[in-house]
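Reading the structure
Listed below, chain by chain, are the residues.
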Amino acid sequence: MKSQYVDTIKKEFKEFVIGDPALVNETYLTLKKDTNVMAYVDAIRKEFGGLITGEAVLRNEVYLTIKKEANVKICDYLYHQFNTPLVSIFATDERKTDGHFKVHYVFSCDREDAFIILKINIEEKSPQYRSITSTIPVANWYEREIQDMFGLVPQGHPDPRHLIHFEDWETGLYPLRKDFDIRTKPKRVKGEYVYRRVDGEGVYEIPVGPVHAGVIEPGHFRFSVAGEPILNLEIRHFYTHKGVEKLFENIPFDKAVFLAERISGDNSVAHAVAFCQAIEKIAGVEIPPRAKYIRTILLEHERLYNHLGDIAGIATDVAFAFGAAQANMLKEDLLQLNEYVTGSRLLRGMNTIGGVRRDIGDNKDKILLKLSTFQQEFRKLMELLMETPSVVDRIETTGRIYNDIAKELHVVGPAGRASGIDRDTRRDHPYAAYRELNFKVQAHKSGDVYARTRVRADEVHESIAIIEQALWSLPEGAIKNEVKEIPDGFALGYTEAPRGETIYWVRTEGGRIERCKVRDPSFCNWLAIEYAVLDNIVPDFPIINKSLSLSYSGNDM
Amino acid sequence: MLEILKRRFRTGIVTTGYPAVPDIAPPGFRGKPELSGDRCTYCGDCVSACPPGVISLEKVNGEEKLTLSYCGCIFCGRCEEVCPYGAVKLTQEYELASKTKDDLQTIIRRKT
């Protein structure tokens, strides 16, 4: 059965397989029992045969080039018929090669551990394509991002305002086009941004930010309220857009790892690993087993201190200072452990293409000991929080995101799992050593701040269990495989960051990065806050915000 | 309430005496990189490896000058990793705050 599939793929798509045909992952096919990602592709082929103009299979990524006019139909089919979440949309400028811009729609087939990527070609002289946002709301921000960065217009988009460019940005300048020089200093022009308005008797607007009271990054929140309950919230971000994706195209691979690490400061391991995995996939390099385990341990360490920080933040925002202090104390213990084990409190500088840079094996006993005391203390902390009425009263039913909304908006990570979305990249698309370890994905249903706190607390225990398993079965051997040459190619890299699914798509050409698309979990989750706050009172906004744990930096890349 | 008070007393004081009592970073800490004038051959490997580009090599008036600025240093340790002579080492030093930019530089030089 399995070899039949492999042979079919090899035979039928020979000309579409880029690189070594042996790269068509046989182990991936062995994992499939009755269902297979090719079944999805077969179905699309049957339904839309004439509209598919090219196919390529690379490991667990199936690329289908479809006719530009068919994008709405086929995306809709794939998304609604097969329930495959749309995890990223990005454009590339390939005018140099074939005179086209390309827009890629990445769908995740969770059950198959595979991705289907639909591609459309867009000609330079008519830079337009049909928007899919009305059928698949997830596409909203992506399409507006592509509009600003590449100048490709999504026709029929319900909200065609600028997303990333501000009103003082010159029209006709698209930073991610290849002919835009990285040193360009655009002049400022006059313009206006129109916010949505809610009118009515007794309706007031409360503008908050972009500069906030705490030491946090900038973002604008515009509330429309009638009394205390919030009728509407509109957020505006990208105040500190740094052009990270452009920067990637201008630095060598070894330096790019450090850039990825700094995209979202407290999710640095997840970003670095996702980037490294994409490059390793392109290079066809398998990292040593020991490196896989070390990466897993680091990723879970990162989850631990992030979740503790979030729990501490929720305690602060419900004015339970004692609980917050206790949680922060535990977080500090974890940060010190990080520092002891890796030399960096935020676990930086550990990953590299081909493996990890430092071994952590000698510290096994220390980590195990620390974590066991930590776990006891953490249990007590959660008992304290969940038995304090002033905490529970504030977080139960607050900031509810219903399952259908969460699904429509593709809410990821703990926030999604708290709304009953049973997805976790660690299980659905196993990477590093997750395939060999046992863990449960914690999902709750109520979708309120309480559920998000609970999911995090449960995940803390799972993380500790994962670290313990990984340390006990840590294989011996090298921690790094030398990656000498990185061939031309493209691949996805993905991890489950503490905030949720993080996706990289990297294309290499001539020994450098041609395009690197980063999809941080916050890019998805920010939109959820506009829904989560509805009918809640203004004083509950900080708690809802904290419970979603949103990153400005990861969003404003 | 009683439970909170009990916990409060059990927790005791957790803050340290820093800065009155020095707080020494653990070995392997990614702190201030230091240059060794004796070992350095001015080959420039660290200059090209440095991700934020804060190491520079200049040749002026028959003198070679290697400057490392801590202003933009990200303490990644690439310089230490690529140096074939062990002339750069990350140390446990982390108290780098200063009032002038000049204090945030370390310079080694030799006559050519």
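**Quick notes on the overall build of chain B**
The helix and strand inventory of chain B stands at three helices and five strands. Ordered by position from the N terminus, the helices and strands of chain B form the series α-β-α-β-β-α-β-β. In terms of its C-alpha atoms, chain B occupies a principal-axis envelope of roughly 75 × 30 × 25 Å. When burial is assessed residue by residue, chain B has 18% of its 112 residues classed as buried. Within chain B, contacts between residues at least 6 apart in sequence are counted, and of these 73% link residues at least 24 apart.

**Digging into the interface of chain A and chain B**
The extent of an interface is frequently quoted as the accessible surface area lost upon association of the parts. Taken together, the contact pairs nine residues of chain A with 10 residues of chain B. For the side of chain A that touches chain B, the secondary-structure elements that each account for two or more residues are α8 (253-261) and α11 (321-342) of chain A. No other element matches α11(A), which puts four residues into the side of chain A that touches chain B. Residue composition of the side of chain A that touches chain B, grouped by class: four nonpolar, three polar and two charged.

**Brief notes about the domain arrangement of chain A**
Residue and element names in this part refer to chain A. We note that the domain assignment places domain 1 (2-155), domain 2 (203-236) and domain 3 (260-550) within chain A. Computed from C-alpha coordinates alone, the two centres of domain 2 and domain 3 are separated by 28 Å. The partner domain 3 presents nine residues to the nine residues of domain 2 that form the contact. Sorting the residues of the side of domain 2 that touches domain 3 by element identifies β9 (220-226) and β10 (230-236) as the ones contributing at least two each. Here the side of domain 2 that touches domain 3 takes four residues from β10, the largest share from any one element. Each residue belonging to the side of domain 2 that touches domain 3 can be placed in one class, and the counts come to seven nonpolar, no polar and two charged.

**Re the nonpolar core**
Nonpolar side chains in soluble globular proteins tend to be buried together. Core analysis: the largest hydrophobic core is formed by 153 residues, its most contacted members being Ile116(A), Phe275(A), Ala278(A), Ile279(A), Tyr504(A), Val506(A) and Ala528(A). Here Phe275(A) is in contact with Ala256(A), Val257(A), Ala260(A), Gly493(A) and Tyr504(A), once residues within four sequence places are set aside. Judged by nonpolar contacts, the second largest core, of 11 residues, contains Leu35(B), Ala49(B), Leu66(B) and Cys79(B).

**Let's talk about the sheet that holds strand β2 (residues 55-60) of chain B**
All names here are of chain B. Ordered in space as β2-β3-β5, the three strands form an open sheet in which the pairing is antiparallel. Strand pairing shows two members of the sheet lacking a second neighbour, β2 and β5 (105-111), which therefore form its edges. Each neighbouring strand pair of the sheet contributes to a mean axis angle of 15°, computed without reference to strand direction. As defined by bridge partners, β2 adjoins strand β3 (residues 63-69) across six bridges and the pair is classed as antiparallel. Along β3, the bridge assignment pairs Lys59 with Glu64.

**Looking at the sheet that holds β10(A)**
Residues and elements named next belong to chain A. Judged by pairing direction, the sheet is antiparallel, and its three strands sit side by side in the order β8-β9-β10 without closing on themselves. Of all the strands in the sheet, the pair left with one neighbour each is β8 (203-208) and β10. Neighbour-to-neighbour, the strand axes of the sheet open up by a mean angle of 15°, direction not taken into account.

**Section: the confidence of the model for chain A**
For chain A, per-residue confidence averages 90 on the pLDDT scale, and 94% of positions sit at 70 or higher. For residues 18-34 of chain A, every residue scores under 50 in pLDDT, and the model assigns this stretch 28 contacts once sequence neighbours within four places are set aside.

**Points about the environment of Ile464(A)**
Residue and element names in this part refer to chain A. Along the chain, Ile464 falls in helix α17 (residues 449-472). The class for Ile464 is partly exposed, based on 19 C-beta atoms found within 10 Å. Residues Ile464 and Ser547, 83 residues apart in the sequence, show an inter-C-alpha distance of 21 Å. Apart from the residues lying within four places of it in its own chain, the contact partners of Ile464 are Leu371 and Gln375.

**Thoughts on the pairing of strand β14 (residues 500-509) of chain A**
On any regular strand, side chains alternate: one points to one face of the sheet, the next to the other face. Residues and elements named next belong to chain A. Counted residue by residue, β14 has eight buried out of 10 residues, so it is predominantly covered. In this structure, strand β13 (residues 489-497) lies alongside β14, joined through nine bridges in antiparallel fashion. Note that in β14 the partner of Gly489 across the bridge is Thr508. Where β13 hands over to β14, the hairpin turn is made up of two residues, counted between the paired strands. Pairing between β14 and strand β15 (residues 512-519): seven bridges, direction antiparallel. Of the residues in β15, the one forming a bridge with Glu509 is Arg512. The hairpin formed by β14 and β15 contains two residues between the paired strands, and Gly510 there has a positive phi angle of roughly 55°.

**Side note on unusual backbone geometry**
Residues Gly209(A) and Pro210(A) are joined by a peptide bond in cis, for which omega reads 10°. The residue Pro210(A) is located in the loop between β8 and β9 in this model. Backbone torsion omega between Tyr18(B) and Pro19(B) reads 5°, so that peptide bond is classified as cis. If you trace the backbone, Pro19(B) turns up in the loop between α1 (2-11) and β1 (33-35). Of note, Arg59(A) is a non-glycine position whose phi angle comes to about 50°, a positive value.

**A short note on the packing of α11(A) against helix α12 (residues 364-386) of chain A**
Residue and element names in this part refer to chain A. The N-to-C vectors of α11 and α12 enclose an angle of 165°; their axes lie 10 Å apart at closest approach. If you check the angle between α11 and α12, you find them roughly antiparallel. Of the two possible hands of crossing, α11 and α12 adopt the one that is left-handed. Judged by residue contacts, Gly323, Gln326, Ala327, Leu330, Asp333, Leu334, Leu337 and Val341 of α11 engage Ile367, Lys370, Phe374, Glu377, Phe378, Leu381, Leu384 and Leu385 from α12.

**Here's the deal with the packing of helix α3 (residues 37-48) of chain A against helix α4 (residues 71-81) of chain A**
Residues and elements named next belong to chain A. Where α3 contacts α4, the two axes come as close as 11 Å, and the packing angle between them is 140°. In terms of orientation, α3 and α4 fall into the oblique class. In terms of crossing hand, the pair formed by α3 and α4 is right-handed. Along the contact surface, α3 presents Ile44, Glu47 and Phe48, while α4 presents Ile74, Tyr77 and Leu78. A class-by-class count of the residues in the contact of α3 with α4 yields five nonpolar, no polar and one charged.

**Details of α12(A)**
Residue and element names in this part refer to chain A. Between its first and last C-alpha atoms α12 spans 32 Å; for 23 residues at 1.5 Å apiece the expected length is 33 Å, and the two agree. Taken residue by residue, α12 has Leu371, Phe378, Leu381, Met382 and Leu385 as its buried positions. The inward-facing, buried residues of α12 abut α10 (289-317), α11, α13 (389-395) and α17.

Basis of the calculations
Residues numbered from 1 in each chain as written. Chains lettered and ligands numbered in written order. Predicted model: local features only at pLDDT ≥ 70, side-chain atom pairs only at ≥ 80, totals over all residues. Helix = DSSP H or I, 4+ residues; strand = E, 2+ residues; numbered from the N terminus. Buried ≥ 20, exposed ≤ 12 C-beta atoms within 10 Å, placed from the backbone. Contact = placed C-beta atoms within 7 Å. Nonpolar A, V, L, I, M, F, W, Y, C, P; charged D, E, K, R; others polar. Domains from an automatic or database assignment. Core = buried A, V, L, I, M, F, W, Y, C linked by C-beta atoms within 7 Å. Pairing = 2+ DSSP bridges. Axes fitted to C-alpha atoms, helices over the stretch in contact; angles between N-to-C directions. pLDDT = per-residue confidence, 0-100. Parallel < 35°, antiparallel > 145°, perpendicular 65-115°, else oblique. Left-handed = near helix turned anticlockwise from the far one by under 90°. Expected span 1.5 Å × (residues − 1).

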